[in-house]
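What the coordinates show
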Number of protein chains: 2
Amino acid sequence: MTRQDQKLSTKPYKGTRDFYPEDMRLRNWLFNTMRKTARNFGYEEYDGPMLERFEVYAAKSGEELVNEQLYHFKDLGNRHVAIRPEMTPTVARMVAAVIHQIPRPIRWFSLPNLWRYERPQRGRLREHWQFNVDIFGLDTVLADFEIIDVAVSIMLSLGASSKEFQIRISNRRLLNHFLAEILTLNQEQRNAVCKAIDKREKITRDVYTHMLTESGLTPEKIDRLEKILDLDWNDAENHPAFESRGGKELHDLFSQLRRSGLDQYCKLDLSIVRGLDYYTGTVFEMYDLHPENRRALFGGGRYDDLVSMFCNDSLPGVGFGMGDVTIQDFLTTHRLLPDLPPPIEVFVALYDATCLEQSLTFSRQLREAGLRVTVQLEPMKLGKQYKQADQRNIPIVAIQGPDEIQAGTVTLKHMISGEQVVLPSDQSEATIRGWLKSV
Amino acid sequence: MTRQDQKLSTKPYKGTRDFYPEDMRLRNWLFNTMRKTARNFGYEEYDGPMLERFEVYAAKSGEELVNEQLYHFKDLGNRHVAIRPEMTPTVARMVAAVIHQIPRPIRWFSLPNLWRYERPQRGRLREHWQFNVDIFGLDTVLADFEIIDVAVSIMLSLGASSKEFQIRISNRRLLNHFLAEILTLNQEQRNAVCKAIDKREKITRDVYTHMLTESGLTPEKIDRLEKILDLDWNDAENHPAFESRGGKELHDLFSQLRRSGLDQYCKLDLSIVRGLDYYTGTVFEMYDLHPENRRALFGGGRYDDLVSMFCNDSLPGVGFGMGDVTIQDFLTTHRLLPDLPPPIEVFVALYDATCLEQSLTFSRQLREAGLRVTVQLEPMKLGKQYKQADQRNIPIVAIQGPDEIQAGTVTLKHMISGEQVVLPSDQSEATIRGWLKSV
């Protein structure tokens, strides 16, 4: 037991956030905007438990994550469990459980809270919410196109424009073809080169060149590699590496993006790698175009094996995951955070104790009309009640004193314009709705 | 690493649930209905992190919970943390952090995912979502009334009627007055009697009487206790115990419930105790009136000390917590689960590969009009596409073959009535919306 005079800290656990009503309104706006866009594309929401068996991550999620970042422990029944650090193993498990019953393609999205033990820093906390969008069971590059369309549509629905973000697209198959067939590197050399490319933007040129040389590349091969990594779409298709399956996929994808007018948001960038083993075809990352913010905001791509950890089938998929922390940083940088409508629309003031019943009845009527109403329950000087409504940014105050009750009217005050009207109480809804439109 | 032929189980961790799209739709409907009602009463949503420091629960949450039910462990930095089993400590911490800045009363709600290590059974899993509604900083019983009004309104908004649920109300102060002043029991005896009352409905009469006798009650006192526990509101106010602060509170509360027409959903029941230390005044529980379901669905009440664990102030509050598992059982028992609108409204079929561009453009137009649209990306026999739309309960199929493209029209098929129309594609939205209304 804590002694009465030893107070506990009011801070949340390190690297986590409290969502006060103002923060929560923003979170709800963000998530509901994402949801609406995904649903308009025919994607359906799912969720799974926060805890999964440890094995689910031990098998696939990579050593760094499991050893250094995973929250895991034994439950009271000695089962080894982990708090989900990513959604993919959960969705793979869920899909595997119904793989023979569910029509394909499967278009699903989720909004899980994910946890990783990390050093908290800008854009990275110990917990975040991640919008996951995936389409399973389609081998065509048109699925890759649709996923990019969803990602672009979400950015647009959040108010961003082509001047503020860009999706950089590559294809793992193409890069692999170039490294294997044209630069004639073996598997080990290719892995080492991919690791270097993945770090290319974060390390100095010298360190980068050194890494490539260590990987077995001659200066001449380094030169050829740099040329392909810097290729613009206009020159790309003449490059011999494009005469390959990966090249055709990129060609088809960019043609479709152009036909649909999405090419203005997209750019070829063969230096996009996104890890080593997971992705098999198209890969992409979303970049903030603000010069201060050079890190990728989120990314995704095509993977060929989602479910084989759980069943004898395999199932290709394309998807992306978008974290709420980095997106909110993006929206803040570009001043795209919206002015949300007031959470409480009407403050029903209390003239005095004898008028309480009328206040409660009137509040009820407004609520039944769908309005968000708070009611003063304790007698208090009217001036103080107005002041409270003002402090809390409630745009409209309604009051029924003895005169109004006698006459069947209500006094409404618009807290911003100061306008005040007295009108029959059954006509108040229309006036309130009119005023709310102008708030 | 798992060997390729050893597949992991597709089942979720014991006592938890996967929410497939159908389950998720229901969960979203339930939560959004709760949210809407709370917002109409001027309550604002908040949230806090899933993990809190262990001390937050060690101090207050009771031995059984901490020792037998709490998920807790050391993080990689050796901090002792716990997964939240209830929301109260989190909200207390959050309120304490801003107690001098925030206007009162504070009306807040949340929808946290909570975890307890329990034996899974009907109505009780290891995780559930709990709708928490609280009003802080008001000493009047009108706040208790408002909280009950919110609880009733939520039940009504879920489609329940006064024949299906009942809120049973008591007052801890009144019961304590009766036990202390009228039955002249000391503190220890009162605690023992309250424990027995709390078990009254779950144990046999003999065991119950034995518990009371052990607590120090004579047969005469047991008789007087039973009489007050069985009191109806009509006889209640003549009882001498009602000449007390608790009695006046109950009187004021029931008078207000009657004036507001809520007494039809409520009943006096002085056997409602709800634990020993936490609550100080009004306590209530919501009961399912179905004979097969005699357990309380949820409960709440007034507490005087929410924040003193975290700061030097104290703050009274009234609130309740409603779990999603028991509420869904209630809705299932009473056949109140809604037929939700179709998640996908239009299936845009693909006549053949040459018509793809038109399919994508038409899908985009429907989405921009706010419709939920899935589009066929791979050529497939039309019959099979119709079958797929049918299997997936998509009510409308749209198709543009070469003839339609030539004429600027679209063929729409209503999958339930079988009705089929050809109309200019820019007029299709109105027809689709009309058909959706009748789905």
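First, a word on what this report is: a plain description of the structure on this page. (Residues numbered from 1 in each chain as written. Chains lettered and ligands numbered in written order. Predicted model: local features only at pLDDT ≥ 70, side-chain atom pairs only at ≥ 80, totals over all residues. Heavy atoms only, no water.)

Section: the relation of the copies chain B and chain A
- The operation relating chain B to chain A is a screw motion whose rotation component is 180 degrees, with 0.0 Å of axial translation and a residual RMSD of 0.1 Å. Expressed as a symmetry operation, the mapping of one chain copy onto the other fits a two-fold axis. Judged by C-alpha distance, B:F73 is the residue of chain B that lies nearest the rotation axis, at 3.3 Å.
- The overlap is high: 100% of the interface residues of chain B also sit at the interface in chain A, so the same surface is used on both sides. (Least-squares fit on C-alpha atoms with pLDDT ≥ 70 in both. Contact = heavy atoms within 4.5 Å.)

Brief notes about the interface of chain B and chain A
- Listed as interface residues are 101 residues of chain B and, on the opposing side, 102 residues of chain A.
- Of the roughly 8,400 Å² buried between chain B and chain A on both sides combined, carbon and sulfur atoms contribute 56%.
- On the chain B side of the interface with chain A, the three residues burying the most area are B:L8, B:Y13 and B:L377, jointly 8% of the side's total.
- At the junction of chain B with chain A, the criterion picks out twelve salt bridges. (Buried area = accessible area lost by both parts, 1.4 Å probe. Salt bridge = Lys/Arg side-chain N within 4 Å of Asp/Glu carboxyl O.)

Brief notes about the sheet that holds strand 17 (residues 420-424) of chain B
Residues and elements named next belong to chain B.
- Strand order in this open sheet of five strands is 14-13-15-16-17, and the pairing throughout is mixed. The open sheet has two free edges, formed respectively by strand 14 (373-375) and strand 17, since each of these has just one partner strand. Across the sheet, the mean angle from the axis of one strand to that of its neighbour is 25 degrees, orientation sign disregarded.
- With respect to the sheet, helix 13 (residues 356-368) is in contact with strand 13 (346-348), strand 14, strand 15 (396-399) and strand 16 (409-414), its orientation differing from that of strand 14 by roughly 170 degrees.
- Along the sheet face, helix 16 (residues 428-437) touches strand 13, strand 15, strand 16 and strand 17 and points at about 5 degrees away from the line of strand 16. (Pairing = 2+ DSSP bridges. Helix = DSSP H or I, 4+ residues; strand = E, 2+ residues; numbered from the N terminus. Axes fitted to C-alpha atoms, helices over the stretch in contact; angles between N-to-C directions.)

Some thoughts on the packing of helix 1 (residues 21-40) of chain A against helix 12 (residues 324-333) of chain A
Residues and elements named next belong to chain A.
- Put simply, helix 1 and helix 12 touch, their axes get as near as 12 Å, and they point 100 degrees apart. With respect to helix 12, the axis of helix 1 lies roughly perpendicular. Contacts from L26, W29, L30 and F31 in helix 1 reach D324, I327, Q328 and L331 in helix 12.
- A class-by-class count of the residues in the contact of helix 1 with helix 12 yields six nonpolar, one polar and one charged. (Parallel < 35°, antiparallel > 145°, perpendicular 65-115°, else oblique. Nonpolar A, V, L, I, M, F, W, Y, C, P; charged D, E, K, R; others polar.)

Re a positive patch on the surface
All names here are of chain A.
- Taken together, the side chains of K195, K199, K202 and R295 define a basic patch exposed on the protein surface.
- Here K202 shows up in the loop between helix 7 (187-199) and helix 8 (205-214).
- Residue classification places K202 among the exposed positions, given a relative accessible area of 68%. (Patch = residues over 30% accessible without salt bridge, like charges linked within 9 Å, V, L, I, M, F, W, Y side chains within 5 Å. Areas by Shrake-Rupley, 256 points an atom, 1.4 Å probe, with all protein chains shown as cover. Lys, Arg positive; Asp, Glu negative; His and termini not counted. Charge placed at Lys NZ, Arg CZ, Asp CG, Glu CD. Buried < 20%, exposed > 50% of the residue type's maximum accessible area, 1.4 Å probe, protein only.)

A closer look at helix 14 (residues 382-391) of chain B
All names here are of chain B.
- Taken as a whole, helix 14 has its buried residues at Q385, Y386, Q388 and A389. Along the axis of helix 14, the buried residues cluster in a sector spanning 160 degrees; they form a single face. The outward face of helix 14, more than 90 degrees from its buried face, is lined by the exposed residues K384 and K387.
- Taken together, the buried residues of helix 14 touch strand 13, strand 15 and strand 16.
- Remark: N393 follows helix 14 within two positions and exhibits a positive phi of approximately 55 degrees. (Arc of directions from axis to C-beta.)

Some points on empty space enclosed by the protein
- The full count for this structure, using the stated rule, is two cavities of 30 Å³ or more.
- Empty space within the largest cavity amounts to approximately 60 Å³.
- What lines the largest cavity is simply A:P105, A:R107, A:L138, B:F347, B:T374, B:V375, B:Q376, B:L377, B:E378 and B:R392.
- Here the residues of the lining of the largest cavity sort into five nonpolar, two polar and three charged.
- Put simply, the second largest cavity is a space of about 30 Å³.
- Within the lining of the second largest cavity, the residues separate by chemical class into no nonpolar, no polar and six charged. (1 Å grid on protein atoms, 1.4 Å probe; cavity = no way out; pocket = protein on both sides within 12 Å on 5 of 7 lines; lining within 4 Å. Points joined across faces, edges and corners; volume = space filled by probe spheres on them.)

A closer look at the packing of aromatic side chains
- Scanning all chains against the criterion turns up 29 aromatic pairs over all chains.
- Relative to A:Y265, the ring of A:F165 lies with its centre 5.5 Å away and its plane at 5 degrees, an arrangement referred to as stacked. Taken together, the positions of A:F165 in strand 8 (residues 165-171) and A:Y265 in the loop between helix 11 (245-259) and strand 9 (266-268) put the pair 100 residues apart, joining distant regions of the chain.
- Site record: aromatic cluster; members linked through ring pairs are A:Y71, A:F73, A:W115, A:Y117, B:Y71, B:F73, B:W115 and B:Y117.
- One cation-aromatic arrangement involves A:R27 over A:F19; the distance from NZ or CZ to the ring centre is 4.5 Å.
- Above the face of the A:Y386 ring, A:K413 is positioned so that its terminal group lies 5.0 Å from the ring centre. (Phe/Tyr/Trp six-rings, centres within 6.5 Å; stacked < 30°, edge-to-face > 60°. Lys NZ or Arg CZ within 6 Å of the ring centre and 35° of its normal.)

Focus: the sheet that holds strand 3 (residues 72-74) of chain B
All names here are of chain B.
- Pairing within the open sheet is antiparallel, and its three strands lie in the order 2-4-3. Since the sheet does not close on itself, it has two edges, and those belong to strand 2 (51-53) and strand 3, each with one partner. The sheet shows a mean angle of 35 degrees between the axes of neighbouring strands, taken without regard to direction.
- Of the pairings in the sheet, the one linking strand 2 to strand 4 (residues 80-83) comprises three bridges and is antiparallel in character. By the bridge assignment for strand 4, R53 is matched with V81.

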